[in-house]
Amino acid sequence: MPNKTIYAIPGLGVDERIFYGLDLEANMVYLNWIKPRPKDSASSYARRLAEKIEHEEDCILLGLSFGGVMAQEIARIRPVKQLILLSTMKSSEEKPFQMEFMRHVPLYYLSKGNWRVEFFAKFAPLMGIEDKADIALIKDMFLQFDDEYRMWAIKTICEWDGKAPEIPFIHIHGNKDKIFPIRNINDPVIVKGGNHYMVKQRAKEISELINRWLDPI
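Residues numbered from 1 in each chain as written. Predicted model: local features only at pLDDT ≥ 70, side-chain atom pairs only at ≥ 80, totals over all residues. Heavy atoms only, no water.

### Some remarks on the packing of helix H3 (residues 97-104) against helix H7 (residues 147-159)
Part 1 of the argument: Their axes nearest at 8 Å, the elements H3 and H7 cross at an angle of 110°. Taken together, the axes of H3 and H7 are roughly perpendicular relative to one another. Listed contacts from H7 to Met99, Met102 and Arg103 of H3 are Ile157, Cys158 and Glu159. (Axes fitted to C-alpha atoms, helices over the stretch in contact; angles between N-to-C directions. Helix = DSSP H or I, 4+ residues; strand = E, 2+ residues; numbered from the N terminus. Parallel < 35°, antiparallel > 145°, perpendicular 65-115°, else oblique. Contact = heavy atoms within 4.5 Å.)

Written out as structure tokens, the structure reads:
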């Protein structure tokens, strides 16, 4: 049995099913999203999410996209041994222009309501999703979350002012990622041809990268 436990945080609006294709040499525990409180900051939300971590000592966190931001916030408030960051940013310096713009001009409020979910197939290629089954899976995940969560999450990621982690980490990123363009990302482990949905599409390759990194530690 693996002697490592990884706590995995999914991306914005999705759940643990996004990780099911990974084959990691560790016990997997999924930290799915909880309902945000109206005045939750990234830090206060991370503190509540971290209450689900049972390990009292250092733990390993895996964060995908917005989950990567939350993983870094948890690492600020409790002992974390290692970070595995997928398709995300590891400091506000890597934030794409669109998110920085919406920090000041919150156009994301125009996406309120389920129309965004209903028309997801039109936006799916931005994430690299074209397969009908994958589109249906993501839509099913999105429907679990209401506008309160979505608006809070988008606002939080646009306003995030994080700094690069000071603990051991691996940042795996696709060079075709359109959400967090590779030109903004400093020194990642690059998956050639990988997009923002590569955690599902390139699960075998990503698993191998993570397992090799975990093995000597």
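### Considering the packing of aromatic side chains
Part 1 of the argument: In this structure the tally under the stated criterion is nine aromatic pairs.
Part 2 of the argument: Centroid distance Trp33 to Phe66: 5.1 Å. Interplanar angle 20°. Geometry classified as stacked. One end of the pair, Trp33, is in the loop between strand E2 (27-30) and helix H1 (42-50); the other, Phe66, is in helix H2 (residues 66-77), with 33 residues separating them in the sequence. Phe66 carries the same exposure label as Trp33, and that label is buried. (Phe/Tyr/Trp six-rings, centres within 6.5 Å; stacked < 30°, edge-to-face > 60°. Buried < 20%, exposed > 50% of the residue type's maximum accessible area, 1.4 Å probe, protein only.)

### Let's talk about the pairing of strand E1 (residues 5-9)
Part 1 of the argument: With respect to burial, E1 is a largely interior element, five of its five residues being buried.
Part 2 of the argument: Burial of E1 is two-sided: the residues Thr5, Tyr7 and Ile9 facing one way and the residues Ile6 and Ala8 facing the other way are all buried.
Part 3 of the argument: The pairing of E1 with E2 spans four bridges and is classified as parallel. For Tyr7, the partnering residue across the bridge sits in E2 and is Val29.
Part 4 of the argument: Two strands pair when backbone bridges link them, and E1 and strand E3 (residues 59-64) are joined in this way by four bridges, in the parallel orientation. The residue of E3 that forms the bridge with Tyr7 is Leu61. (Pairing = 2+ DSSP bridges.)

### Digging into the environment of Ile6
Part 1 of the argument: Locating Ile6 in the fold gives a position in strand E1.
Part 2 of the argument: Setting aside chain neighbours within four positions, we find Ile6 in contact with Leu24, Ala26, Asn27, Met28, Val29, Ile60, Leu62, Ile84 and Leu214.

### Details of the pairing of E3
Part 1 of the argument: In terms of residue burial, E3 counts as a mostly covered element, since six of its six residues are buried.
Part 2 of the argument: Burial along E3 is two-sided: the residues Cys59, Leu61 and Gly63 and Ile60, Leu62 and Leu64 are all buried.
Part 3 of the argument: Taken together, the six bridges between E3 and strand E4 (residues 80-86) define a ladder with parallel strand orientation. Bridge pairing in E4 links Gly63 to Leu85.
Part 4 of the argument: On the question of chirality, the crossover connecting E3 to the parallel E4 by way of H2 is right-handed. (Right-handed = clockwise from strand over helix to strand, strands pointing away.)

### A look at the nonpolar core
Part 1 of the argument: One finds Ile18, Leu62, Ile84, Leu86, Ile138, Ile172 and Ile210 to be the most contacted residues of the largest nonpolar core, which totals 35 residues.
Part 2 of the argument: Secondary structure elements with two or more residues in this core: E1, E3, E4, helix H5 (120-127), helix H6 (132-142), strand E5 (169-174), helix H8 (198-201) and helix H9 (203-214).
Part 3 of the argument: The element best represented in this core is H9, accounting for six residues.
Part 4 of the argument: With residues near it in sequence (within four places) discarded, Leu86 still touches Leu62, Gly63, Leu64, Ser65, Ile172, Val199, Ile206 and Ile210.
Part 5 of the argument: Leu61, Ala71, Ala153 and Ile154 belong to the second largest nonpolar core, which has 34 residues in total. (Core = buried A, V, L, I, M, F, W, Y, C linked by side-chain atoms within 4.5 Å.)

### Some points on the confidence of the model for the protein chain
Part 1 of the argument: In this model, the protein chain carries an average pLDDT of 90, and 95% of its residues clear a pLDDT of 70 or more.
Part 2 of the argument: Within the protein chain, no element has a lower average pLDDT than helix H4 (residues 115-118), which sits at 68, and none a higher one than strand E6 (residues 189-191), at 98. (pLDDT = per-residue confidence, 0-100.)

### Comments concerning the pattern of salt bridges
Oppositely charged side chains may form a pair once their charged atoms are brought near each other.
Part 1 of the argument: For the structure shown, the criterion picks out 14 salt bridges.
Part 2 of the argument: Lys95 is the partner of Glu100 in a salt bridge, and the nearest nitrogen-oxygen pair spans 3.4 Å.
Part 3 of the argument: A relative accessible area of 7% means that Lys95 is categorised as buried.
Part 4 of the argument: Each of the salt bridges in this network shares a partner with another, and the network as a whole consists of Lys95, Glu100, Arg103 and Asp161. (Salt bridge = Lys/Arg side-chain N within 4 Å of Asp/Glu carboxyl O.)

### Some thoughts on the environment of Gly21
Part 1 of the argument: Note on placement: Gly21 falls in the loop between E1 and E2.
Part 2 of the argument: Look at Gly21 and you get partly exposed, because its relative accessible area is 38%.
Part 3 of the argument: Separated by ten residues in sequence, Gly21 and Gly11 have C-alpha atoms that sit 15 Å apart.
Part 4 of the argument: Once you skip the residues sitting within four places of it in the chain, Gly21 turns out to touch Ala203 and Ser207.

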